[in-house]
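# Inside the fold
Letter by letter, the chains look like this.
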Amino acid sequence: MKHHDSGFSLLKSALKWGELLFYTKGRHVSLNATIQQLNDIIWSWPGIILLLGATLFCTIAFRFVQLRAFIRMWKETLFPTSVQEHTGDISPMQAFVNALSSSLGNGAIAGIAVAIYTGGPGAALWVLILGMGLMAVRFAEVYLSIAYGADKSKTVLLGGPMVYLKQVFGGQHLAYVYGLSCFIFGLIGGNAAQANSISLSFATTWGVPVMVAALVLFAFVGYVVLGGAKRIAQISDIIVPIKVIVFFTATGLVLVYHAGALADALRLIVLSGLSSEALAGGIVGFSLQQALRSGLLGVAFATEAGLGSSAILFGSSGSNDAVRSSLMAMLSTFISVLAAFIVALCIVVSGVWQSGSTSTALTIAAFNTVFGSFGGWIVSFLSVVFGIGVLVSYAYITRSAWLYLTNGRYEKAFVVMYCVTSFLGALVKVDIVWNSINVVMAVMLFINLFGIVCLTPRIARDLRKLNV
């Protein structure tokens, strides 16, 4: 179902005219196509090598902390021996819940399905490999945010890349560019994209008019954001358990139903990801690059490890235990990676990955093999709950970026912008906006990874002293 722009035809017309700015060799090239080409350049081999290199560097420097501390991260999160002291407006546990909520979004439903559609079953293997590697990156960014980054000089406690980037070369400029990119990504990827998915689910599954969904979202987001950090944390505490229970129950039933095909599906995923057919003329060929690229984009958007969002959440908690918070953050990444891989496995094991469908429709097709027509209802419900969870969590993350950029001022202006973005996101879908998400995400990712790599030796020394 197409979204009707109602009273926003002028806005859409203005954006359409904006596409007439780019010409190449006398032929018209739209702005949207130019951004898509930029995406292809950024997320081709240079981007893949940078992210893989940074992930491997952190993993080796921290002596495979994601494996060594696998059991400990569960214990520190679910069975802590003591209460973790904090001075921020959210607790470390609330930071964990919001970090999980922000990463367990529609990227695990629609994004991973797009990865499978684009890169084939092999993309699922790279989702798992990259996700496990990115757990070390998530550990690093949260450790830096707490041990070196929290800015207690401001009226609002701020943490994350915007603070610890100042300790590297060119840090003042990098911190500002990161903060601006984070703010834009929060409005587009964390807010408008989620609002669009929510309104689309309501419209296609339950016939709710888009305008009604937009107004409800506007009111809901306004209620959440006006309540500040405390209300954001309270709403997340309610939403996250629902998301986790419904998701793992539904996907578990799909896998149990297709249990006889699980071994073949896993074999297909591994062989497709590392197939000799992906080698052409003695060099790594296009098919392997597609699987890598799709897996890279899928896991980056689904888990957000390396983007710095969880570093902002944990850094703003004012925790005094960098190691414990880092382990908790690492667990949130593992759960997000597991969720993304399970969705990919459901799509492959059900045999629908070759159906020609993509995005949410592909995930629905997998669920329909078990639940019939109710599969769409389940996926739509998950899409709505996931989207709402991300909307709420990113209200805090985007607010932190805004307060950094404005030096703690104009918070009411942020409330208005965030609410209006939800409203417009539910109504208008413009391809140029959605394609811009990957570009902004790449800016955040590469700047944050640069800071992490520069500061990794310092983290490694600390971990050796602490015997971690």
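Quick summary incoming for the structure in this document. (Residues numbered from 1 in each chain as written. Predicted model: local features only at pLDDT ≥ 70, side-chain atom pairs only at ≥ 80, totals over all residues. Heavy atoms only, no water.)

## Some remarks on the packing of helix α12 (residues 228-257) against helix α17 (residues 359-371)
Interaxial distance between α12 and α17 falls to 9 Å at its minimum, and their mutual angle equals 65 degrees. Taken together, α12 and α17 sit at an angle that is classed as roughly perpendicular. You can see that α12 and α17 cross each other, and the crossing is left-handed. Where α12 approaches α17, its residues Ala250, Thr251, Leu253, Val254 and Tyr257 are matched on the opposing element by Ala366, Phe367, Thr369, Val370 and Phe371. Along the lines of polarity and charge, the residues of the contact of α12 with α17 split into eight nonpolar, two polar and no charged. (Axes fitted to C-alpha atoms, helices over the stretch in contact; angles between N-to-C directions. Helix = DSSP H or I, 4+ residues; strand = E, 2+ residues; numbered from the N terminus. Parallel < 35°, antiparallel > 145°, perpendicular 65-115°, else oblique. Left-handed = near helix turned anticlockwise from the far one by under 90°. Contact = heavy atoms within 4.5 Å. Nonpolar A, V, L, I, M, F, W, Y, C, P; charged D, E, K, R; others polar.)

## Thoughts on the environment of Val142
Structurally, the position occupied by Val142 is in helix α8 (residues 122-149). Assessed through its relative accessible area of 0%, Val142 is described here as buried. Along the primary structure Val142 and Gly315 are separated by 173 residues, whereas in three dimensions their C-alpha atoms are 7.0 Å apart. Aside from chain neighbours lying at most four places away, what touches Val142 is Ser310, Ala311, Phe314, Ser325, Ser326 and Ala329. (Buried < 20%, exposed > 50% of the residue type's maximum accessible area, 1.4 Å probe, protein only.)

## Considerations on the pattern of salt bridges
For the structure shown, the criterion picks out six salt bridges. Arg324 is paired through a salt bridge with Asp321; the nearest N and O atoms lie 3.9 Å apart. Since its relative accessible area comes to 8%, Arg324 is described here as buried. In this structure, Glu411 engages Arg399 in a salt bridge whose closest nitrogen and oxygen atoms are separated by 2.7 Å. Separated by 12 residues along the polypeptide, Glu411 in helix α19 (residues 411-427) and Arg399 in helix α18 (residues 374-405) bring together distant segments of the chain. (Salt bridge = Lys/Arg side-chain N within 4 Å of Asp/Glu carboxyl O.)

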